[in-house]
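Working through the structure, step by step
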Amino acid sequence: MRSLAVVMGVMSASLVARVAVAAEEERFMDGEFWREQALTDIIPYWFEHARDEEYGAFYTNLSREWQPSPPWDKYPAMIGRQLFSFSAAYLLSGEEKYLEVARETADYLLEHAWDEEYGGWFDVLTRTGEPKVTTKTVPLELYANAGLALYYFVTGDERALSHVKESLRIRRTYAHDEEFGGYFQAFNRDLSVKDYSKSKHSHYGQVGSLLLNLYMITREPELLTWMKELMDLTATRMMDPRLGWVYVTLDREWNPIPHVIEGREVVSIGPQLVAAVSFLRLYQLTGDRTYLEHGKALGEQTIRWGWDSDRGGWHVSIGKEPPHRPEEPPMVHWWIQNYGSFLFLQLYHVTQDKSYLDQFRKGAAFWNRYFLDREFGGVFTSVSPEGSLIDDRKAGVWRTSYHEMEHALLNYLYLNLYVNNRPVLLHFRIGSSEPLAKHFVSPVEDPSVQIADVKINDKPWAAYNARERYVILPAGEDLKVEVTLAPEPVLGPHVSDCTVPLLSAIAAEDTLSFKVIPTEHRGKIEAYLPWRSFSVEVDGRRRAVAREGIMEVEGFSYDPETRTLCITVPPRKEGGVLPTMSFCIREEK
């Protein structure tokens, strides 16, 4: 009997342990878990320890205990990555201290890192902010732009966007290979070509780390065209036709440059993940199933050979040829683990195959068990496949807070919006807004995700295009904007487009009210109305009525199919002043 009791006790303890593990792993499927990780386990430590208070920007090298060490040179690309992180921290939290660091970081980049004579970002600065290496290499240019792009998304600072656009204009103009196609790797300071090779960062890495985000921020059609060009080149010129892997570096004529470790050619797993995720995200923007098929094929191949399905970690590199053994000694890098999460969630989203969620859960468990530094905070750089610590540094030349903050941000977005059908809340702080400014507010590609609610300066604001996902801003300074995005939300009444300045826009369940300032030209207001019957008052006078979607009144038209009311606003009289016009639309029950 005693032996039976011991056995039962062991079995009970084992069951309790398994239940506890399952409960812990289930937390990883909640987007809010990752938001909290960003704001509790990651960014506070970078805020506290990483900033160079004496000379500006950030220390390049930090130990596990967050102690800075030489060399003290600063890399605009790494400063841009930190800018991404602190912008993401404000986007997730609305905390002023993170916005202030982001502003200081953007100011530093624009003051010290941009070449005012030739254009472009310097590769390396001294600790005090003078140019040290004046070449302009694509991966270093890329991440300065990535940080400024997210900063613009959060703040609307046109200085940031204008520099990103100019940097990309330079790249498309001077780096384009007119003879063989594609884009070169590096410039000299005067924008003459220094390195004619083709690489991940100048093609699919450019798409995955910058252009997809920048397109969502600006919706400029030429960016979409360029992304398709780069991913088409990736598919046709940068993929091994026999084995299906994506090359990392090629010469000018598209001949791959092998990556050899100890006499064996290997495949780097990180670039495979970047390319696969880029294909899948571009598919959601274009609907082109060619990108879907490329993303699925490359993604599934990379999971099969690059992921340790027993323990949950991603290999750094594997043998190019079968049986694709991991490089020795095997290890797991933090950023590759992050991109593996993105791949699992994107594949689930486009296929609805729940096995990808099981794989995400296992990868997330590995991340949380072995990469988070429970003693000193932050994230380790690399561990073994069993989870033993290999590299405990917090920062280095290519190591900042960027990947773990991107990981937390995208997991929050993808899990809530794509997996759990829940809303997300994002915070913006628009420094200055002109009348009729439109600010795009969705960082995810799927068009089913729409605006569900907006507040400006803590008050409801009912002027936004839910489907196109932009907010119509009032003129003003320092606008605190909160936006709720949701998958296919039930839309309430709101102003969806406007060509005359808005002073206010307020909605309730059965009312939409707004004030406008007429201009010297005829204007237009479009409003989304979820009602079949409604009345319109202009300056307190009843002017139009729609019953069961039918309206025939001069200056007003209603499309019941799109539920859009269009109002024509008369121009301000020449030499005179037309007062502010007030509109109130009420549901007729």
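Just so you know, these numbers come straight off a predicted model, no measurement behind them. (Residues numbered from 1 in each chain as written. Predicted model: local features only at pLDDT ≥ 70, side-chain atom pairs only at ≥ 80, totals over all residues. Heavy atoms only, no water.)

1. Focus on helix 3 (residues 76-93)
- The first and last C-alpha atoms of helix 3 sit 25 Å apart over 18 residues, in line with the 26 Å expected at 1.5 Å per residue.
- Judged by how many residues are buried, helix 3 sits mostly within the fold: 18 of 18 residues are covered.
- With its phi angle positive at about 75 degrees, G94 sits one or two positions after the end of helix 3. (Helix = DSSP H or I, 4+ residues; strand = E, 2+ residues; numbered from the N terminus. Expected span 1.5 Å × (residues − 1). Buried < 20%, exposed > 50% of the residue type's maximum accessible area, 1.4 Å probe, protein only.)

2. Focus: the side chain of H163
- Along the chain, H163 turns up in helix 6 (residues 158-174).
- A relative accessible area of 17% means that H163 is categorised as buried.
- The residues touching H163, leaving out its near neighbours within four places in the chain, are L110, W114, W121 and N145. (Contact = heavy atoms within 4.5 Å.)

3. What to know about the nonpolar core
- Counting residues in each nonpolar core, the largest one holds 195 residues, and the members touching the most others are V471, F514, I525, F534 and I585.
- Dropping the residues within four chain positions of it, I525 is found in contact with V495, D497, C498, V500, F514, V516, L565, C566, I567, V569 and F583. (Core = buried A, V, L, I, M, F, W, Y, C linked by side-chain atoms within 4.5 Å.)

4. Description of the environment of I336
- Inspection of the secondary structure assignment puts I336 in helix 11 (residues 334-351).
- For I336, a relative accessible area of 3% puts it in the buried group.
- On a C-alpha basis, the gap between I336 and H315 in space is 8.0 Å, while along the polypeptide they are 21 residues apart.
- With sequence-adjacent residues up to four places away left out, I336 is seen in contact with I269, G270, L273, W314, H315 and V316.

5. Thoughts on the state of the cysteines
- Inspection of every chain in the model, using the stated rule, returns zero disulfides.
- C498 takes part in no disulfide bond, and the closest cysteine sulfur to it belongs to C566, at a distance of 11 Å. (Disulfide = S-S within 2.5 Å.)

6. Section: the packing of helix 5 (residues 138-155) against helix 6
- Packing of helix 5 against helix 6 brings their axes to within 8 Å, and their N-to-C directions diverge by 150 degrees. In terms of orientation, helix 5 lies roughly antiparallel with respect to helix 6. Like other packed secondary-structure pairs, helix 5 and helix 6 cross with a definite hand, here left-handed. Facing helix 5, whose interface residues are V138, E141, N145, L148, A149, Y151 and Y152, helix 6 presents E158, A160, L161, H163, V164, S167, L168 and R171.
- Here the contact of helix 5 with helix 6 is built from residues that sort into nine nonpolar, three polar and three charged. (Axes fitted to C-alpha atoms, helices over the stretch in contact; angles between N-to-C directions. Parallel < 35°, antiparallel > 145°, perpendicular 65-115°, else oblique. Left-handed = near helix turned anticlockwise from the far one by under 90°. Nonpolar A, V, L, I, M, F, W, Y, C, P; charged D, E, K, R; others polar.)

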